[in-house]
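This is what each chain is made of:
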Amino acid sequence: MRAAVLLLPLLLLAACDGKASAAKFRARQAAIDPPHLWSVEIVPAVAGVKPVTVCADSRIAKGLARPAVTAGDAFCRPMGKEVVSGGTRIQRCDLNGETWVTTAAVTGDLTRDFTAVQSATPVSGAQGYRQARRYQRLGDCPEGWNVGDSTDQQGRKVKGQSGLLAMIAG
């Protein structure tokens, strides 16, 4: 019991120090790789689907033009090497034991304003999807936003995860 009473203040101090360390890390990372706010909208617009915004560092921004196939919480795991030809990327992936072929054809300036036409088709011949998205860099992320924070399709802030996944189902 006495040990628990002595350890409690130390654990509380460690937790506070951990939050301060995390804040320092985020500040240092933002100085090295400043995040930017990106708008993502389905083209042509779909009724009831608002553009999503996401706070992205350079690593996330590079991935915006790549297709992201999901089913619920499962992500399509890449298989083999990605084929890149001009502005088009082709990748096979495994989703819940099924092989899919994903493509993304990109036009525009990848650093500011571009459109990606993305598709995913199961090799089995079942129904896939095709969707065009426009990505626009809006400027700096809002105060208090961290890399990965986004808005959902209703405009609400979602902490630490991307609302982009919700757009795939369109």
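The paragraphs below set out a description of the structure included in this document. Everything numeric in this text was worked out from a predicted model, so none of it was measured.

**Focus on the overall build of the protein**
Right, on to step 1. Across its full length, the protein holds three helices and 11 strands.
Right, on to step 2. Helices and strands in the protein line up, N terminus first, as α-β-β-α-β-β-β-β-β-β-β-β-β-α.
Right, on to step 3. Out of the 170 residues in the protein, the part that is buried amounts to 29%.
Right, on to step 4. Here the contacts in the protein between residues at least 6 apart in sequence split such that 46% fall between residues at least 24 apart.
Right, on to step 5. Carbon and sulfur atoms form 59% of the exposed surface of the protein, whose accessible area is close to 10,700 Å².

**Thoughts on the pairing of strand β8 (residues 113–122)**
Right, on to step 1. Direction of pairing for strand β7 (residues 98–109) relative to β8: antiparallel, over a ladder of 10 bridges. Considered in β8, the bridge of A105 is made with V117.
Right, on to step 2. Where β7 hands over to β8, the hairpin turn is made up of three residues, counted between the paired strands.
Right, on to step 3. As paired strands, β8 and strand β9 (residues 129–140) are joined by eight bridges and run antiparallel to one another. Paired with A116 across the bridge in β9 is R133.
Right, on to step 4. Here β8 folds back onto β9, and the loop between the two strands holds six residues, one of which, G125, carries a positive phi near 95°.

**What to know about the pattern of salt bridges**
Right, on to step 1. Counted by the stated rule, this structure contains six salt bridges.
Right, on to step 2. In this structure, the salt-bridge partner of R66 is E82, at a minimum N-O distance of 2.9 Å. Linking R66 in the loop between α2 (58–63) and β3 (70–71) with E82 in strand β5 (residues 77–85), this pair joins segments that are 16 residues apart in sequence.
Right, on to step 3. Overall, R66 belongs to the partly exposed group, its relative accessible area being 35%.
Right, on to step 4. Judged by relative accessible area, E82 falls into the partly exposed class, the value being 28%.
Right, on to step 5. One salt-bridge network, held together by shared partners, links R66, E82 and R89.

**Observations concerning the packing of aromatic side chains**
Right, on to step 1. One pass over the structure, following the stated rule, counts two aromatic pairs.
Right, on to step 2. Ring centres of W38 and F114 lie 5.9 Å apart, and the angle between their planes is 65°; this geometry places the pair in the edge-to-face category. Placement of W38 in strand β1 (residues 36–43) and of F114 in strand β8 is noted, with a sequence separation of 76 residues between them.
Right, on to step 3. Among the residues examined, W38 registers a relative accessible area of 3% and is labelled buried.
Right, on to step 4. Summarising the aromatic geometry, the rings of F114 and Y135 are spaced 4.8 Å apart at their centres and angled 10° between planes, so their arrangement reads as stacked. Of the two residues, F114 sits in strand β8 while Y135 sits in strand β9, which places them 21 residues apart along the sequence.

**Looking at the nonpolar core**
Right, on to step 1. One finds W38, V40, V54, A56, A61, L64, A65, V106, F114, A116 and Y135 forming the largest nonpolar core, which totals 11 residues.
Right, on to step 2. Listed by contribution, the elements that provide at least two residues to this core are β1, β2 (52–56) and β8.
Right, on to step 3. The contact partners of Y135, leaving out residues within four places of it in the chain, are W38, S39, V40, L64, R112, D113, F114, A116 and Q118.

**Comments concerning the side chain of D149**
Right, on to step 1. Inspection of the secondary structure puts D149 in the loop between β9 and β10 (150–151).
Right, on to step 2. Residue classification places D149 among the buried positions, given a relative accessible area of 1%.
Right, on to step 3. In this structure the side chain of D149 is engaged in a polar contact, spanning 2.9 Å, whose partner is the backbone nitrogen of N146.

**Section: the environment of V123**
Right, on to step 1. Residue placement: V123 occurs in the loop between β8 and β9.
Right, on to step 2. Accessibility expressed as a relative area gives 56% for V123, which makes it exposed.
Right, on to step 3. As a C-alpha pair, V123 and T99 span 24 residues in sequence and 5.7 Å in three-dimensional space.
Right, on to step 4. When neighbours within four sequence positions are excluded, V123 is seen to be in contact with T99, W100 and V101.

Rules used in this analysis
Residues numbered from 1 in each chain as written. Predicted model: local features only at pLDDT ≥ 70, side-chain atom pairs only at ≥ 80, totals over all residues. Heavy atoms only, no water. Helix = DSSP H or I, 4+ residues; strand = E, 2+ residues; numbered from the N terminus. Buried < 20%, exposed > 50% of the residue type's maximum accessible area, 1.4 Å probe, protein only. Contact = heavy atoms within 4.5 Å. Areas by Shrake-Rupley, 256 points an atom, 1.4 Å probe, with all protein chains shown as cover. Pairing = 2+ DSSP bridges. Salt bridge = Lys/Arg side-chain N within 4 Å of Asp/Glu carboxyl O. Phe/Tyr/Trp six-rings, centres within 6.5 Å; stacked < 30°, edge-to-face > 60°. Core = buried A, V, L, I, M, F, W, Y, C linked by side-chain atoms within 4.5 Å. Polar contact = N/O pair within 3.5 Å; in protein donor to acceptor, adjacent residues only side chain to side chain.

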